[in-house]
Amino acid sequence: MCKQPSLRFYAIPGRSLSALALALALAGCGGSDNDRSSQSLEVTAIDGYLSQALVWLDLDGDSQLDEDEPQATTDATGRASLTVTGVPDPSQYRLLVQAIAGQTQDLGDGTATPETLTRSFVMVAPAGQTVVTPLSTLVAQQLQQQGDGDLTAALAQVAGQLGLDETALLGDFLAQGHTQAQIYALNLAALLPETLAESDGETLLDQGAQMGQALAQYLADHPLDEQTDPQSIRVHSQEGVLVVMQDSDNDGTADEQDAFPLDPDEHADTDGDGVGDNADAFPLDPDESADSDGDGVGDHGDAFPQDASESADTDGDGVGDHGDAFPQDASESADSDGDGVGDHADAFPQDASESADTDGDGVGDHGDAFAEDASESRDSDGDGVGDNGDAYPQDAAKSVADRQESLDEVKVLLQDYLGDARTIRLLGSRLTETFNDGHQRISETWVSYDWDPVAQDYVYLDGEPSQQEVAERLLVRQSDGSYQEQAHWQKDYNRDNQLKQQGQVYAQGQIGAAGEESWHYYDETDPLVEGIADGVDRSNREYDGGDLAAQVAAGNYGQVDFIQHKLQVVGQAGASRSLCPWAEEQDGDALGCFVEYEWPDMANFDPASSLPHYAQLDVTRPLSDGGSLVFQLRDWAADGSYNEIYQTETHPDGRVIERVAQPVWANPQDEVFEEYADYNWNRSERAAYWYEHETIRGEAPDQVTLRGARYLLDYGSDSATNGKLVDADHPDGYLFNDYEAVQRQVGDDETREFSTWHHYALADHPFTLDDQGQDYKIYRKEANDLWVGHRFAEWGSQLVADLPGQVEALRQAGVALAEIDAEALPGLSDYNGGLLSRSFRYAADGSPRTWYWVTNWPVITEDESWGSWQLLSLQLVDGGLDAAGHSGWIIKDAAGSLVLLQPVVETPWAWYDAYAQWFISPWLPNGDVIDPVAGHFSSWQGHFFLQQADAQSFLAQQMP
């Protein structure tokens, strides 16, 4: 079987394709009809190349498509393939092309952008022709008119009418580049009918002839060149006359007269604005062309071209004048609540009663009691404080919330009467009430405890923290700086955990720019109830507990025990000191001073004329390292000379330095028990003196350093009485003793102390002598909670270097304390000397120990022969021999010995010469013992036992 190729038929210049030739072409392989199993006819449709046009072979010659006629649709190149299998001689039939509006696309020469046809038309080619064009249609119609089938005659006739060469009438003039043929075809296409009836042929030929003549005349006058665009040459009928022109958009207006030669919808632009008159809503206005919203205002001049209700926006705020409540105000356009204030500026656009919210709190100014305070809007109680900030919105007297605070502070206080600096920890609470008239009520309650600043813990007595004070206070401050204060307290001065001294104070004062001045009225118990025996008679003091405020207001001072007039300032040196003119301070000092009034009968006190009997100055001064210095100066006669000086330095590195300068009286009955005043190791004479000493804590862990110096006391009657004795030769005083001691706690069962001292003999002062020395004492906790001391001492000199270091080196080498002797450590006066400590007087819980004393000491037995023995029960504390019939003895401990002061008169006076001094000092080289396990120690005064049975057994051994 032979495969028949597709055939394309084109017009051959000057010739027609015979039926025989077509038949031969269809036969292809030379076979019979029975071999033609598949034959096709390739057709090209041209106006420009037409895609999606309908092509058929008109078998019955009716120019209509029938179901049995071969048909196809042109492709994207304007070509179609008709299957003509079974058609004996396809060349004897005409081919028709139907261009369909909305479907068929004009592809131009194949390079242009496809255009979808807007009208339908039909084209035909003579039988045997496969290129269908407007020109072939005229030829086909001419053949039909002739009726003789003479293609040559038909070609000649049409060519003559059109003025075209015959070769251009049939075939693909686009591929041939035949510009004139393209022009004729383009214009003829406009004449083609939708259907091709027999009558249509004559009309088409007539119209074609007329068009051809017109085109021929035009082209004669306008010769074609390479630049001529065939699409632009158009034939139009104007008043029955065919006119040819270059009309690129085919709108009937020549390009040279057409303002829009490529736009078929426009040709004129009367106002010259670039928009054609047909599309120009304002053809006479060069500034306008469109009216999108149809409101009669051109879009250029219409501020709202899409809104027919608006055209102007005078204030340029984006809202049309018709709808703008404020057409002259660009910031406003609406007034929703009709209050005359635009919504933008109206903080409340839906509320006609409000328009402003100055503070932005959401409440309008008209209804806002605090229009400029965003945090407030209401004042329910009318006190001038808004409800939000008013803790009491229904109470006009108060608006600030009461402030409840916990008090917890550690501070150093210089104790009244005792004069010592005590570190206390204060725990309590404070309630502060603030009233709208400016006054405050401050209520405080607290408990103060003794505090160890080095250990950072309480000082314990009997296992409980040592209470120093329990107190309460009410302070009322007025807005003008005046105030009134009332306080009540109970105090424990002697650290026995019993709050025996009680009192109250009423104060009234004034705080101003220059500082604070106040009067304080005291009602209290004589501090003697706490053992304060400083030689000052305060027996007139008695706690009455009355209403001091009312009494003072009435000028009644009968229940007032003493009065203090106080001044407190913080400021510049040299400021006026009307109350304390003798006060000298530095810039930035916090200074407080007071003068005190006290007589047996305070009822006669007159604030205007009474003279003070006592003055005191308290100063707090900052230190360069960020610490502080607190010092107190006491003037017993209020005459400007200081009789006691107390200083405490507190440093950021933890050091606390306490310094005291004061008289020490040779009075064994007072609270101070000191060498030279109450006892004297080397002389029986004792004396009062001026004592300067300091205690340093925090220099090293678990270490305390003590330093002191003793000077002669001025006993004179002038203003310097009871101060340090100085003169021109001794401006720094008469020194007769100084010392230094460093104490260290080593673990829980050992303490160490290294001391050095000098004594200086002063003429006419028999209690002094020349001496010096050093010792190193080690106390160890032994059985029965007894701390036993071991002393290594050099008396009369200080030649042994680094005594503590040498002793500790021997211990490190394994040498026991009892084995350290002159061979191991030459140059000492005492090796492993036995020492007693306070633990021999008091048990660990602070209670006095009871000892059983077996003695033949004549002072006790009254047997000068030392032959009689007695057993006494005693406690090594003041009055500890009272029960044994030896009343009034004072028993203390000092430097490892017990000091016993024996009254030498029936009623001892408060001076040293009313007592004989004795020292109980075990001397181990003489056979004395200190045996903590057995609870036994001895001296030349006898033997002391913790167990009564041991004492009785020893006593039995001494009896004949």
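Thresholds, definitions, all that
Residues numbered from 1 in each chain as written. Predicted model: local features only at pLDDT ≥ 70, side-chain atom pairs only at ≥ 80, totals over all residues. Heavy atoms only, no water. Pairing = 2+ DSSP bridges. Helix = DSSP H or I, 4+ residues; strand = E, 2+ residues; numbered from the N terminus. Axes fitted to C-alpha atoms, helices over the stretch in contact; angles between N-to-C directions. Parallel < 35°, antiparallel > 145°, perpendicular 65-115°, else oblique. Contact = heavy atoms within 4.5 Å. Nonpolar A, V, L, I, M, F, W, Y, C, P; charged D, E, K, R; others polar. Phe/Tyr/Trp six-rings, centres within 6.5 Å; stacked < 30°, edge-to-face > 60°. Left-handed = near helix turned anticlockwise from the far one by under 90°.

S.K.: Could you give an account of the sheet that holds strand β42 (residues 915-920), naming the residues involved and the relevant values?
M.R.: Adjacent strands of a sheet pair through backbone hydrogen bonds, lying either parallel or antiparallel. A sheet is described by the order of its strands in space; here three strands give the open sequence β40-β41-β42, paired in antiparallel fashion. Since the sheet does not close on itself, it has two edges, and those belong to β40 (890-894) and β42, each with one partner. Ignoring strand direction, the axes of neighbouring strands in this sheet form an average angle of 25°.

S.K.: I'd love a proper account of the environment of Asp606, names of residues and values included.
M.R.: In this structure, Asp606 sits in the loop between β25 (590-597) and β26 (614-622). Once the C-alpha coordinates of Asp606 and Tyr557 are considered, the two residues, 49 residues apart in sequence, prove to be 9.5 Å apart.

S.K.: Go over the packing of helix α2 (residues 134-146) against helix α5 (residues 179-189), please, and point to the residues and values.
M.R.: Remark: α2 packs on α5, axes separated minimally by 8 Å, with the N-to-C direction vectors making an angle of 75°. Considering the angle they form, α2 stands roughly perpendicular to α5. Residues Pro134, Leu135 and Leu138 of α2 pack against Ala181, Tyr184, Ala185, Leu188 and Ala189 of α5. Class assignment for the residues of the contact of α2 with α5 results in eight nonpolar, no polar and no charged.

S.K.: Would you mind going over the packing of aromatic side chains in detail, with residue names and values included?
M.R.: Here a ring pair, both rings aromatic, is described through the centre-centre distance and the interplanar angle of the planes. Here the structure, examined in full by the defined rule, presents 33 aromatic pairs. Summarising the aromatic geometry, the rings of Tyr557 and Phe605 are spaced 5.3 Å apart at their centres and angled 90° between planes, so their arrangement reads as edge-to-face. Pair noted here: Tyr557 is in the loop between α7 (548-553) and β24 (562-570) and Phe605 is in the loop between β25 and β26, with a separation of 48 residues, a long-range link. Between Phe736 and Phe767, the ring centres sit 5.2 Å apart and the planes meet at 90°, which makes this aromatic pair edge-to-face.

S.K.: Give a description of the packing of α2 against helix α3 (residues 151-162) that names residues and reports values.
M.R.: As a packed pair, α2 and α3 sit with axes 9 Å apart at the nearest point and diverge in direction by 120°. Taken together, the axes of α2 and α3 are oblique relative to one another. For the pair α2 and α3, the crossing hand works out as right-handed. Mapping the contact onto sequence places Leu135, Leu138, Val139, Gln142, Leu143 and Gln146 in α2 and Leu151, Ala153, Ala154, Leu155, Gln157, Val158 and Leu162 in α3. Here the residues of the contact of α2 with α3 are counted per class, giving 10 nonpolar, three polar and no charged.

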